[in-house]
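In case you want the letters, here they are:
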Amino acid sequence: MTKRLFLYLMSALFLSSCGGIDTQNDIYVQFYQSRPHDEKLFGWWKMKDQEEYYCFESENFNYLYACYISGEKLHIQGYDEYWYTSDGHIYIFQKGNRKIGMEEYQFEYFLTEDNNTIYTRQSGGEYTIWLQRSEAPDGVVD
């Protein structure tokens, strides 16, 4: 009887550890999607003086990044990143895998009165202009 209980516990631990990172990712994704999202952030934003674009997606709440490689080919990433807002902060979560762990980060933000510029501040530093409202970069279909 003790041997069977031991084998059962070991099997349960093994099976639960196999889906560990995927299960954690799913829990975080559901959490991030269920949190509040500042609707004023929805859409594409361009980094000031750069050819880098960010999107606070409004359907699945993905946080997308787009840039041009060698000025020509559009590269988009971030389908494994999610965002929400709370108390003047943007929270971002990046899914992990077996090689790279999950990552979370946050920064304080505020929008200008016309809602076209995001100022951010990390860890009590100075506010800096981070992003300006933009159309989707060429090659992106909304």
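Residues numbered from 1 in each chain as written. Predicted model: local features only at pLDDT ≥ 70, side-chain atom pairs only at ≥ 80, totals over all residues. Heavy atoms only, no water.

> Outline the packing of aromatic side chains, listing residues and values.
Overall, the coordinates contain 18 aromatic pairs when judged by the stated rule. Centre to centre, the rings of Tyr54 and Trp130 are 5.6 Å apart; their planes meet at 35°, and the pair counts as tilted. A residue pair is termed long-range when its members are at least 10 positions apart, and Tyr54 in strand β2 (residues 52-56) and Trp130 in strand β9 (residues 128-133) qualify at 76 residues. Trp130 gets classed as buried once you look at its relative accessible area, which sits at 16%. Through a chain of ring-to-ring contacts, three or more aromatic side chains come together here, namely Phe42, Tyr54, Phe56, Phe61, Tyr63, Tyr65, Trp83, Phe107 and Trp130. (Phe/Tyr/Trp six-rings, centres within 6.5 Å; stacked < 30°, edge-to-face > 60°. Helix = DSSP H or I, 4+ residues; strand = E, 2+ residues; numbered from the N terminus. Buried < 20%, exposed > 50% of the residue type's maximum accessible area, 1.4 Å probe, protein only.)

> Describe the environment of Asp138, and please don't skip the residues or the numbers.
Looking at the secondary structure, you find Asp138 in the segment after β9. It is 7.9 Å that separates the C-alpha atoms of Asp138 and Leu74, two residues lying 64 residues apart in sequence. Contacts of Asp138, omitting those with residues within four sequence positions, involve Tyr68 and Leu74. (Contact = heavy atoms within 4.5 Å.)

> Report on the pattern of salt bridges, specifying residues and quantitative values.
All chains considered together, the criterion is met by two salt bridges. With a closest N to O distance of 3.9 Å, Glu51 and Lys46 form a salt bridge. The exposure class of Glu51 is partly exposed, given its relative accessible area of 45%. The exposure class assigned to Lys46 is partly exposed, which follows from its relative accessible area of 22%. (Salt bridge = Lys/Arg side-chain N within 4 Å of Asp/Glu carboxyl O.)

> Please set out unusual backbone geometry residue by residue, giving values where relevant.
The phi dihedral of Asp49 is positive, around 60°, even though this residue is not glycine. One non-glycine residue, Asn115, lies in the positive phi region at around 60°. We classify Asn115 as partly exposed; its relative accessible area is 24%.

> For the environment of His75, give the residues involved together with the corresponding values.
Topologically, His75 is positioned in strand β4 (residues 73-77). There is a polar contact of 3.2 Å between the side chain of His75 and the side chain of Gln77. (Polar contact = N/O pair within 3.5 Å; in protein donor to acceptor, adjacent residues only side chain to side chain.)

> Account for the sheet that holds strand β6 (residues 89-94), naming residues and giving values.
Here we have nine strands laid out as an open sheet, ordered β4-β3-β2-β1-β9-β8-β7-β6-β5, and antiparallel in their pairing. Either end of the sheet is taken by a strand with one partner, and the two such strands are β4 and β5 (81-86). Looking at each pair of strands side by side, their axes are set apart by 30° on average, direction ignored. The sheet contact formed by strand β8 (residues 117-121) and β9 spans four bridges and is antiparallel. Following the sheet pairing, Thr117 is matched in β9 by Gln132. (Pairing = 2+ DSSP bridges. Axes fitted to C-alpha atoms, helices over the stretch in contact; angles between N-to-C directions.)

> Before we move on, could you go through the pairing of strand β7 (residues 103-111) and cite the residues and values that matter?
Bridge analysis of β6 against β7 gives six bridges, and the strand direction is antiparallel. Across the sheet, the residue bridging to Ile92 is Tyr105, located in β7. Both β7 and β8 contribute to a ladder of four bridges, which runs antiparallel. What sits directly across from Glu108, in β8, is Arg121. Hairpin connection from β7 to β8: five residues lie between these consecutive antiparallel strands, with Asn115 at a positive phi of about 60°.

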